[in-house]
Each structure stands twice: as structure tokens, then as C-alpha cells.
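Single-letter residue listing:
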Amino acid sequence: MTIRVYNTLGGKKEPFEPIEEGKVRMYVCGPTVYDSSHIGHARSVVVFDVIARYLRAQSYDVTYVRNFTDVDDKIINRARELEVDSKTLAETYIDEFHKDMDLLKVLRADHEPKVTEHIDSIIKFITILIDRGCAYESGGDVFFAIDRFKDYGKLSGRNTEEMEAGARVGIDERKRNPLDFALWKAAKPGEPSWESPWGVGRPGWHIECSAMNYVFFGESFDIHGGGKDLIFPHHENEIAQSEGAFGKPMAKYWIHNGFVNIDREKMSKSLGNFLMIKDVLKHHHPEVIRLFLLSNHYRSPIDYSVKSMEEASSGLDKIYTLLERIEAETGPDTGKNPKGDYWNRFEDAMNDDFNTARGIGVIFEAVRNANRLLDEAGETPSPETLETVGAIRSDILEMGRILGLLSEPPAAYFEHRKIIRLQQTKADVKAIEQLVDERTAARKARDFQKADRIRDQLTDMGVTLEDRPDGVVWRMTK
RNA sequence: GGCGGCAUAGCCAAGUGGUAAGGCAGCGGUCUGCAAAACCGCUAUACACCGGUUCGAAUCCGGUUGCCGCCUCCA
């Protein structure tokens with residue numbers, strides 16, 4: 001079964017066949033580190049994390065590179081505002097990015113190059129472009145000459161004549177064509193800068209990716225990813241640079257993820273509704289965030305709201321509740337079960353352009369089926385039932401591994417979730433446990449009125465009770 | 001203005017021409033002292049609208065309407 005991937009270049013799904021059999025070279029545009037990472041960064045990073053995990057599970061030898069843009073106007077401006085140097089600022093946010101993404105259980109990329117570590121490669125790359133007549137120096141700046149790359153616009157489906165006619169393009173006298181873009185910018189006083197054949201300066205934005213993926217992958221590689229907004233101009237310009245330099249296709253598959261909206265609105269500076277990962281993590285278990293982000297197809301927009309997060313939370317609880325139930329019967333998963341039918345259906349979903357939404361549907365079906373088998377089995381399930389249920393659990397966990405979900409033992413998950421809720425509501429654990437004990441005593445004495453009164457009180461405190469055969473369990477209500 | 005995307009039940013959402021996965025919410029039932037959890041049942045008989053292709057379309061084609069994104073170094 002082959003994987004089919006939607007390729008932005010060409011605009012349709014294609015069979016996935018890496019350039020070199022069995023190997024996948026994947027480059028994803030990482031953040032410009034001038035501020036905390038927001039939920040939109042999380043989506044991009046989680047989506048490509050899942051793609052990398054899945055390709056590895058399909059026995060591909062994946063090399064995953066994700067860069068940090070650590071020199072840029074925004075970083076310089078922000079550093080100036082905060083009166084720190086831009087290197088310090090960038091490093092602060094790189095550390096924060098790692099912290100956020102580690103909490104979100106994102107696996108580290110194999111290489112995380114920074115622009116400032118690859119200035120030499122960038123200068124060499126620009127030199128190649130100048131030598132090939134694709135770029136020109138103008139007063140200490142170097143620009144890419146759009147007219148020298150006839151395929152310009154092939155990724156985003158734009159044509160240059162219409163764009164030149166567009167009112168949005170500003171006139172810059174140093175440029176031969178208004179659409180030409182900067183490869184190298186002459187330094188202004190106080191800015192970070194490096195020596196170059198064109199004087200002191202710093203790289204433009206687009207060139208870093210072309211140069212760095214050349215360093216790791218050479219002239220062509222398999223997957224280039226990023227947010228949809230990067231299609232134009234960023235990725236269009238990367239293609240112009242890399243293909244202009246080498247005359248070979250840059251990346252075979254271009255994959256772009258959709259945006260996260262907040263209450264149906266785009267995150268924007270003017271609305272001031274940027275939602276930072278660290279803030280979402282205060283309210284939600286990391287896997288709730290992942291489940292939410294993966295519950296829509298990666299190319300569709302997804303809407304963040306209190307309600308959608310609560311739904312994701314309910315869903316995750318449901319899965320962990322089953323895992324806990326099975327564990328109580330059979331102990332933890334042995335990891336020895338072969339992959340079953342649910343896994344196969346999950347693979348079908350993932351093979352269809354990484355359709356995690358469909359894959360999650362398979363998980364829920366598996367959960368329902370396992371619950372049903374256990375319900376039907378009654379008090380003492382037969383060994384056969386337990387074996388079947390155990391096999392279903394193995395599939396569920398296997399699917400979870402691809403999505404970066406269900407990685408905690410159920411008890412730890414519920415504890416983790418409880419802690420997050422308690423921090424939010426500032427509820428007093430001791431008080432809760434005391435009330436729970438009082439209610440248990442009342443129930444034992446068959447004083448149900450008192451027991452129910454206490455339970456109502458706990459409900460008001462955001463606590464849900466479950467009276468199980470083996471004792472009372474309390475949880476924080478979503 | 002140019003390019004692109006989307007429109008599926010109360011809400012979210014998958015759907016690769018053959019009569020609609022899954023989740024959340026709701027209602028009824030089983031279980032329970034009562035609940036909770038779980039399960040079962042019910043909730044789309046015009047898949048935005050209008051045409052067309054086809055034996056057959058949510059799925060393909062054309063058009064209409066409505067939303068949205070990119071074209072501003074925003075994932």
C-alpha cells in the first residue's frame with residue numbers, strides 16, 4: 001500500500017515515492033524566534049511530527065531538518081525594544097520553543113540549523129546565483145533577479161506580469177524588477193552583520209532555507225513543508241533560488257498545513273488574539289492539544305475555542321478510561337501483540353494524505369468495540385475476551401504512538417489532568433478528599449441523603465465521582 | 001483585482017461515483033441506592049443553490065450564492 005500525498009506543486013495527490021528508495025529527506029520551515037510560540041506553530045510542528053513518525057513506522061529512514069530563523073528584522077526590532085542583543089533574544093525563544101514542543105511530546109528534528117551558524121554557506125549560495133546571472137549586487141544589497149528564472153510562480157500559481165501590475169508591489173529603485181527580492185542586506189548601524197564579498201550585511205529571509213537544505217540534502221530532497229502562508233512568497237522564492245542555482249527540482253513534494261483560527265477569527269496582531277502554547281498548556285493536557293490539532297485534516301483550517309478543546313478533552317478521557325479499564329483486567333500492554341485490523345484501517349487513513357482525522361475515528365471505533373466486549377463479558381471476562389481486548393488495546397496504543405497520544409499510563413494521565421485542573425480552579429485537594437471520605441462513610445451507613453448532599457457539594461467544586469466496585473474515584477470535571 | 005480553498009446532522013468532522021466514519025451535545029433504555037463511567041437504541045430519507053455528465057454523484061463538469069486564506073519577511 002503506497003502513501004498518497006497532496007503536493008502543493010501541481011495541486012493534487014500523488015503516490016509518495018522518495019528520490020532514493022527507503023530514504024526520506026524532509027525539511028520544514030521553523031519559526032522566526034522573536035516571540036513565544038503560538039498554537040499555530042504548534043499545529044505545523046505537530047503535523048510534521050506525525051508525518052515523520054508515520055514515515056518512520058513505514059520503515060523509511062527519515063532525516064528531518066527544521067531550521068530556526070535567528071536573524072531577521074523582527075528579531076532586531078524586538079531586541080531593540082527590550083534592550084537586549086538579538087542573539088540573546090533569539091536564544092531565549094529557541095529555548096522556549098524547545099520547552100513548549102517537548103511538553104507537546106514533539107520529537108526533536110534530526111537537525112535544527114540556525115541561520116547564524118550557516119552564514120558561510122549562505123554567502124557561497126549567493127555567489128553561485130550571482131555567477132549564474134540569477135542575482136545582482138546593488139549598493140551593498142544583493143537581489144534575486146526574478147526575470148532570470150522562468151518558472152517563477154509555479155508553486156503558488158501566480159504569473160509575474162499580473163503581479164507586477166498589482167498595486168501591492170512597492171517601487172524600490174535598487175531593484176531591476178519590483179518583484180526581485182533580497183538575498184543579502186547591507187548592514188545598518190547597530191545590526192548584527194557579517195563580512196561578505198558585497199560588504200558587511202546579513203542574509204535575506206528566503207536564502208537561508210535554500211542554503212541550509214543544500215548543506216544537509218544537496219540539490220534535491222523529498223519533502224518540503226511549512227504553513228500555508230509560506231507558499232508565497234517564501235517557498236516560491238526558495239524554488240527560484242535553489243533551482244536557479246542548480247537547475248534541478250528542489251523538493252519533490254511540497255506539503256503545507258492550514259491555519260488555526262481562534263473563535264473563527266484569524267490570529268493577528270490587530271486583534272491581539274495570539275494564543276501562546278504555554279498558555280494553552282496551563283489549561284489543557286498536552287495530548288488534548290495534540291488530539292485537537294490532529295482532529296481535522298492538516299490542510300483544512302481548524303477553529304480553536306473553549307468548546308472544541310473540551311470536546312477533545314472528553315474524547316481523550318474516553319480513550320484513557322478504556323485503557324485504564326483494560327489495564328485493571330490484564331495489566332499493562334506487553335507490546336507483543338501483532339498489529340490487527342484497526343491498525344490496518346488506521347494505515348489506510350494515514351496513507352491517504354496523512355488523514356489523522358479519519359485515523360482518530362478508527363481509534364474511537366476500537367474503543368467502543370473493546371468497551372462493548374468488556375460489558376458483554378460481565379464480572380469475569382473469559383481469557384479469550386481478555387486476549388481480544390488486549391489485542392485491540394495494542395492497536396490503539398500503536399495508533400497513539402503515531403499521533404503522539406496515549407503515551408502515559410492511564411493513572412498518570414488522570415493524575416496529570418487532575419493537577420492541571422486543580423491549578424486552574426485552585427481547588428483544595430485535602431478538602432476534596434475529606435468530603436469524598438465523608439460521603440463514603442455516609443454511603444456505608446446507607447445515609448444516602450447525606451451522601452448525595454456531599455456529592456452535590458463536590459459537583460459544585462468541579463469534582464465528578466465514580467462509585468466503582470473496588471472503591472470511589474474522583475476526577476475533575478472538564 | 002489576481003491566485004487558491006471551503007460549504008456534510010444541534011455543534012465539530014471524515015468521506016478516493018454505487019444510496020452517509022467518528023466525536024461532542026440531547027433523548028430513551030441497560031447497569032447503579034441514586035449517580036458517574038460504559039454499552040444499546042433514536043437524531044442527515046434535497047450532503048449551500050441551479051444545471052450537466054452517468055445506469056448511478058456528497059463525490060466529476062459548468063454556473064450561482066455565501067464564507068475564508070494568500071498576494072504585507074504571519075505557521
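The model shown is predicted, which means the values in this text are computed figures rather than measured ones. (Residues numbered from 1 in each chain as written. Chains lettered and ligands numbered in written order. Predicted model: local features only at pLDDT ≥ 70, side-chain atom pairs only at ≥ 80, totals over all residues. Heavy atoms only, no water.)

Thoughts on the sheet that holds strand β12 (residues 265-266)
Argument step 1. Here we have 3 strands laid out as an open sheet, ordered β12-β11-β13, and mixed in their pairing. Of all the strands in the sheet, just β12 and β13 (302-304) have a single pairing partner and so form its edges.
Argument step 2. Sheet analysis places strand β11 (residues 260-262) next to β13, joined by 3 bridges and oriented parallel. Following the sheet pairing, Asn-261 is matched in β13 by Asp-303.
Argument step 3. With respect to the sheet, helix α1 (residues 39-57) is in contact with β11 and β13, its orientation differing from that of β11 by roughly 155°. (Pairing = 2+ DSSP bridges. Helix = DSSP H or I, 4+ residues; strand = E, 2+ residues; numbered from the N terminus. Contact = heavy atoms within 4.5 Å. Axes fitted to C-alpha atoms, helices over the stretch in contact; angles between N-to-C directions.)

A word on the packing of aromatic side chains
Argument step 1. On inspection of all chains with the given rule, the structure shows 17 aromatic pairs.
Argument step 2. With centroids separated by 5.0 Å and ring planes inclined at 45°, the aromatic side chains of Phe-16 and Tyr-253 adopt a geometry described as tilted. One end of the pair, Phe-16, is in the loop between β2 (12-15) and β3 (23-28); the other, Tyr-253, is in strand β10 (residues 251-257), with 237 residues separating them in the sequence.
Argument step 3. Note on Tyr-214 and Phe-246: the rings are 4.6 Å apart at their centroids and 25° apart in plane angle, and the pair reads as stacked. Placement of Tyr-214 in helix α6 (residues 205-217) and of Phe-246 in helix α7 (residues 231-246) is noted, with a sequence separation of 32 residues between them.
Argument step 4. Relative accessible area serves as the criterion here: at 33%, Tyr-214 is assigned to the partly exposed category.
Argument step 5. A network of ring pairs unites the aromatic residues Phe-16, Tyr-60 and Tyr-253 as a single cluster. (Phe/Tyr/Trp six-rings, centres within 6.5 Å; stacked < 30°, edge-to-face > 60°. Buried < 20%, exposed > 50% of the residue type's maximum accessible area, 1.4 Å probe, protein only.)

Quick word on the protein's contact with RNA strand B
Argument step 1. In the vicinity of RNA strand B there are 52 residues, among which Lys-74, Lys-185, Lys-266, Arg-372 and Arg-455 approach most closely.
Argument step 2. Contact between RNA strand B and Asn-371: a sugar or linking oxygen at 3.1 Å from a side-chain N or O atom of the residue.
Argument step 3. Separating a base oxygen of RNA strand B from a side-chain N or O atom of Arg-455 is a distance of 2.3 Å.
Argument step 4. Those elements giving two or more residues to the surface near RNA strand B turn out to be α1, β9 (221-227), α10 (306-330), α12 (356-377), α15 (429-444), α16 (448-460) and β14 (463-468).
Argument step 5. Residue contributions to the surface near RNA strand B peak at 9 residues, all from α12.
Argument step 6. The residue makeup of the surface near RNA strand B, split by class, is 10 nonpolar, 18 polar and 24 charged. (Near = heavy atom within 4 Å. Polar contact = N/O pair within 3.5 Å; in protein donor to acceptor, adjacent residues only side chain to side chain. Nonpolar A, V, L, I, M, F, W, Y, C, P; charged D, E, K, R; others polar.)

A closer look at the sheet that holds strand β5 (residues 135-138)
Argument step 1. Here we have 4 strands laid out as an open sheet, ordered β5-β6-β7-β8, and antiparallel in their pairing. Looking at the sheet topology across the chains shown, the edges are occupied by β5 and β8 (201-203). Between one strand axis and the next, the sheet turns by 20° as a mean value, whatever way the strands run.
Argument step 2. Across 4 bridges, the pairing between β5 and strand β6 (residues 141-144) is antiparallel. Across the sheet, Ser-138 pairs through a bridge with Asp-141, a residue of β6.

So, the side chain of Arg-53
Argument step 1. Note that Arg-53 resides in helix α1.
Argument step 2. Residue Arg-53 is classed as buried on the basis of its relative accessible area, which comes to 14%.
Argument step 3. A distance of 2.9 Å separates a polar side-chain atom of Arg-53 from the backbone oxygen of Arg-401.
Argument step 4. Setting aside anything within four residues of it in sequence, one finds Arg-53 in contact with Lys-105, Leu-107, Arg-290, Arg-401, Ile-402 and Gly-404.

Considerations on the packing of α6 against α7
Argument step 1. Closest axis-to-axis distance for the α6/α7 pair is 8 Å, and the angle between their directions is 50°. Between α6 and α7, the angle falls in the class oblique. In terms of crossing hand, the pair formed by α6 and α7 is right-handed. Every residue of α7 that contacts α6 at Trp-205, His-206, Ile-207, Cys-209, Ser-210, Asn-213 and Tyr-214 is listed here: Pro-233, His-234, Asn-237, Glu-238, Gln-241, Ser-242 and Phe-246. (Parallel < 35°, antiparallel > 145°, perpendicular 65-115°, else oblique. Left-handed = near helix turned anticlockwise from the far one by under 90°.)

Here we look at the packing of α1 against helix α9 (residues 286-294)
Argument step 1. At a closest axis distance of 10 Å, the pairing of α1 and α9 adopts a crossing angle of 80°. One element, α1, and the other, α9, form an angle in the roughly perpendicular class. For the pair α1 and α9, the contacting residues are Ile-39, Ala-42, Arg-43, Val-46, Asp-49, Val-50 and Arg-53 in the first and Ile-289, Arg-290, Leu-293 and Leu-294 in the second.
Argument step 2. Among the residues forming the contact of α1 with α9, the class breakdown is 7 nonpolar, no polar and 4 charged.

Some details on α7
Argument step 1. Of all 16 residues in α7, 14 are buried, a share of seventy percent or more.
Argument step 2. Immediately downstream of α7, the backbone of Gly-247 shows phi near 65°, a positive value.

A short note on the pairing of β6
Residues in a regular strand point their side chains to alternate faces of the sheet.
Argument step 1. Burial along β6 is two-sided: Asp-141 and Phe-143 facing one way and Val-142 and Phe-144 facing the other are all buried.
Argument step 2. If you look at the hairpin formed by β5 and β6, you'll find 2 residues sitting between the two strands, and Gly-139 has a positive phi there, around 60°.
Argument step 3. The pairing of β6 with strand β7 (residues 181-186) spans 3 bridges and is classified as antiparallel. Within β7, the position partnered with Val-142 by the bridge is Trp-184.

Quick word on the environment of Ala-411
Argument step 1. By secondary structure assignment, the location of Ala-411 is in helix α14 (residues 410-425).
Argument step 2. Its relative accessible area of 52% is what places Ala-411 among the exposed residues.
Argument step 3. Spatially, the C-alpha atoms of Ala-411 and Glu-327 are 9.9 Å apart, while their sequence positions differ by 84 residues.

No statement about biological role is implied by the geometric values presented.
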